[in-house]
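The residues making up each chain are set out below.
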Amino acid sequence: MRYYSLRHQAPSVDFRQATIAGQAPDGGLYFPEHIPQFAAAFLRELKTKPKADVAFEVLQPYVGDTIPADVLRRICAEAVDFEFPLVPVAERSSALELFHGPTLAFKDVGARFMSRCLGYFSRQGQAHVTVLVATSGDTGGAVASGFLGVEGVEVIILYPKGKVSSVQELQLTTLGQNITALEVAGTFDDCQQLVKQAFQDAELARRYFLTSANSINVARWLPQQVYYCFALQQWPHAEPPVIAVPSGNFGNLCAGLLAHASGLPVHHFLAACNANDSVPEYLRSGNFAAKAAVATLSNAMDVGNPSNFVRILELFGQEFEQLTNHLSGYTVTDAETAATIRAVYAQHNYLLDPHGAVAYVALQQYLQAHPAARGIFLETAHPVKFYDVVEPVVGAKVPVPAALGGLLARQKQSVELPAEFAALKAYLLGR
Ligand SMILES: *Cc1c(COP(=O)(O)O)cnc(C)c1O
């Protein structure tokens, strides 16, 4: 498989080069030259296939010969080494729980896959790699956990000061070793912009071999397809589901659309957003305008200018009609999010996190308009990650899962920086 830059000003590369570079030299995102189609046998046998085999079969065409099959099989098995249950919550609505990994959010899948691929490439002779990554909350922890102790790889995480939950902050600031956290006085979009600027800086390029671990990196984006397959494995109905995806940077949804383009049966996708709704706005009006990010209860989706939107357009050949046949957008307010967490807990005894709640609202709105449809909403994080939001809303304590271990007692360690490129550059050159 070759990958081309969506800005079309850089040569095409293989999976190894795309993973190491993160972003194309012209600033574009990499996109696969063709979309592999799932074999009929793959779909027929999907229900009984072990998760690790599903992951290997979905990802092998994208990886090609850049990783030997036995190594890739092991990487796939480790990336999906936890549960992905499809849990009925309300009539016609089930949650695909993506929060059973080590940092309790769906980003563990992509981060675990990418860290192992990069570790492999680094052992194959690539010099010391520095992963520079911006987080709106959950990426930081997932990437830190995925890369902790990986030899030849150093990780620097930029996060917006005061805009991530306390659990998220502890997950990305307390590991030490090869992980450093930079606390930026700005928004997630500022952090993302700083990372993009760093990649284009010639002086930094002489000193560091920089790569990204955001969903702009194909090795984080592509593996997210596999849990859409896991959802279908557990789907008990003949009619394919509607799938609601709580979205911020749109890597997750774009991976679902990619799996669908390869032949995974899905009736329709819902882009569920909080007040940061430039994509739902586009799906309604046909006009795309990036917005300044605003803070909401679902902070991991506080993204005003989603990076992966250009990939979604490319997937549908830049055809608005094609896109809207497969995807509808929903905007959910914080008031609706809180009311939904409260109501679903009271009526169905199910505790949503704020992101899953946004998707739940979108799904209910769709189901109301389509009385015969049934759907899945992605529960992208465990509610304990947002206990500061969830506990006052339901008036109960969120039980702390064992995976959180002694985290809450650890000491945060971060370096504070203003949201200015000059400051980031000075810091990086000075270490
Ligand atoms: C990152 C994140 C999202 C948004 O995912 P994107 O791929 O950026 O659209 C949604 N929910 C949670 C809990 C997240 O951490």
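Note that the structure is predicted; figures quoted are calculated from it, not measured.

(A) Up close: the sheet that holds strand β12 (residues 375-379). The 6 strands are arranged β3-β4-β12-β9-β10-β11 in an open sheet whose pairing can be described as mixed. Whereas interior strands pair on both sides, the edge strands pair on one side only; in this sheet they are β3 (86-90) and β11 (327-331). Each strand of the sheet is rotated relative to its neighbour by a mean of 30 degrees, with strand direction disregarded. With 4 bridges joining them, β3 and strand β4 (residues 93-97) adopt antiparallel strand pairing. Bridge pairing in β4 links Val 87 to Ala 95.

(B) Focus on the pairing of strand β10 (residues 268-273). The buried count for β10 comes to 6 of 6 residues, which makes it a mostly enclosed element. Two elements, β10 and β11, share 5 bridges in a ladder whose sense is parallel. Residue pairing across strands places Leu 270 opposite Ser 328, the latter belonging to β11.

(C) Region of interest: the side chain of Thr 296. Mapped onto the elements, Thr 296 comes out in the loop between α13 (278-285) and α14 (309-315). Judged by relative accessible area, which is 13%, Thr 296 ranks as buried. Polar side-chain contacts of Thr 296 include one of 3.1 Å to the backbone nitrogen of Ser 298. A distance of 2.7 Å separates the side chain of Thr 296 from the side chain of Asp 302, its partner in a polar contact. Here Thr 296 is in contact with Asn 274, Ala 275, Asn 276, Asp 302 and Asp 334, once residues within four sequence places are set aside.

(D) Summary view of empty space enclosed by the protein. Counted by the stated rule, this structure contains 2 cavities of 30 Å³ or more. As for the largest cavity, its lining consists of 24 residues, and the residues nearest its centre are Phe 106, Lys 107, Gly 248, Asn 249 and Ala 300. Of all the secondary structure elements, the ones that give two or more residues to the lining of the largest cavity are α6 (138-147) and α12 (251-261). At 3 residues, the largest contribution of residues to the lining of the largest cavity is made by α12. Its residues placed into classes, the lining of the largest cavity shows 8 nonpolar, 13 polar and 3 charged. In this model, the second largest cavity occupies a volume close to 50 Å³. Along its surface, the second largest cavity is lined by Ala 134, Gln 192, Val 195, Lys 196, Asn 214, Ile 216 and Ser 307.

(E) Geometry of the packing of helix α5 (residues 107-123) against α6. Packing of α5 against α6 leaves a shortest axis separation of 8 Å and a crossing angle of 40 degrees. It follows from the interaxial angle that α5 and α6 lie oblique. The two elements α5 and α6 cross, and the hand of that crossing is right-handed. Between α5 and α6, the residues in contact are Lys 107, Asp 108, Ala 111, Met 114, Ser 115, Arg 116 and Leu 118 and Asp 138, Thr 139, Ala 142, Val 143, Gly 146 and Phe 147, respectively. Of the residues assigned to the contact of α5 with α6, the class counts are 6 nonpolar, 3 polar and 4 charged.

(F) Geometry of the site of the ligand. Residues in contact with the ligand amount to 15 residues; listed here are only the nearest, Lys 107, Asp 138, Gly 248, Phe 250 and Thr 380. In this structure, Lys 107 approaches the ligand through a side-chain N or O atom, which is 2.5 Å from an oxygen atom. With respect to the ligand, the side chain of Asp 138 contributes an N or O atom lying 2.4 Å from an oxygen atom. If the ligand stood free it would expose 380 Å²; the protein chains cover 98% of that surface. Judged by the proximity of its atoms to the pocket grid, the ligand belongs to the largest cavity.

(G) Here's a closer look at the side chain of Thr 139. By the element assignment, Thr 139 lies in helix α6. Given a relative accessible area of 5%, Thr 139 falls into the buried group. Leaving out residues up to four positions away in the same chain, Thr 139 has contacts with Lys 107, Val 133, Ala 134, Ala 213, Asn 214 and Arg 220.

(H) Summary view of the pattern of salt bridges. Within the structure shown, the criterion is met by 17 salt bridges. In this structure, Glu 78 and Arg 74 form a salt bridge, with 3.7 Å as the shortest nitrogen-oxygen distance. Residue Glu 78 and its partner Arg 74 are located together in helix α4 (residues 69-79), separated by 4 residues, close to a single helical turn. In this structure Glu 78 comes out as partly exposed when scored by relative accessible area, which is 29%. Through salt bridges with shared partners, a single network forms among Lys 161, Glu 169, Glu 183, Lys 412 and Glu 416.

(I) Representation of the sheet that holds strand β7 (residues 179-185) within the structure. Reading across the sheet, the 5 strands line up as β8-β5-β6-β7-β13 and stay open at both edges, with parallel pairing between neighbours. Sheet topology places β8 (210-211) and β13 (415-418) at the edges, where each strand pairs with a single neighbour. Relative to β7, strand β6 (residues 153-160) runs parallel, the two being bridged by 6 bridges. Within β7, the residue paired with Tyr 159 across the bridge is Glu 183. The sheet strands contacting α6 are β5 (129-134), β6 and β7, and the helix crosses β6 at an angle near 165 degrees. In the packing of helix α8 (residues 188-199) onto the sheet, contacts are made with β5, β6, β7 and β8, and the angle to β5 comes to roughly 150 degrees.

Calculation criteria
- Residues numbered from 1 in each chain as written.
- Predicted model: local features only at pLDDT ≥ 70, side-chain atom pairs only at ≥ 80, totals over all residues.
- Heavy atoms only, no water.
- Pairing = 2+ DSSP bridges.
- Helix = DSSP H or I, 4+ residues; strand = E, 2+ residues; numbered from the N terminus.
- Axes fitted to C-alpha atoms, helices over the stretch in contact; angles between N-to-C directions.
- Buried < 20%, exposed > 50% of the residue type's maximum accessible area, 1.4 Å probe, protein only.
- Polar contact = N/O pair within 3.5 Å; in protein donor to acceptor, adjacent residues only side chain to side chain.
- Contact = heavy atoms within 4.5 Å.
- 1 Å grid on protein atoms, 1.4 Å probe; cavity = no way out; pocket = protein on both sides within 12 Å on 5 of 7 lines; lining within 4 Å.
- Points joined across faces, edges and corners; volume = space filled by probe spheres on them.
- Nonpolar A, V, L, I, M, F, W, Y, C, P; charged D, E, K, R; others polar.
- Parallel < 35°, antiparallel > 145°, perpendicular 65-115°, else oblique.
- Left-handed = near helix turned anticlockwise from the far one by under 90°.
- Near = heavy atom within 4 Å.
- Areas by Shrake-Rupley, 256 points an atom, 1.4 Å probe, with all protein chains shown as cover.
- Sits in = over half its atoms within 2 Å of the grid points.
- Salt bridge = Lys/Arg side-chain N within 4 Å of Asp/Glu carboxyl O.

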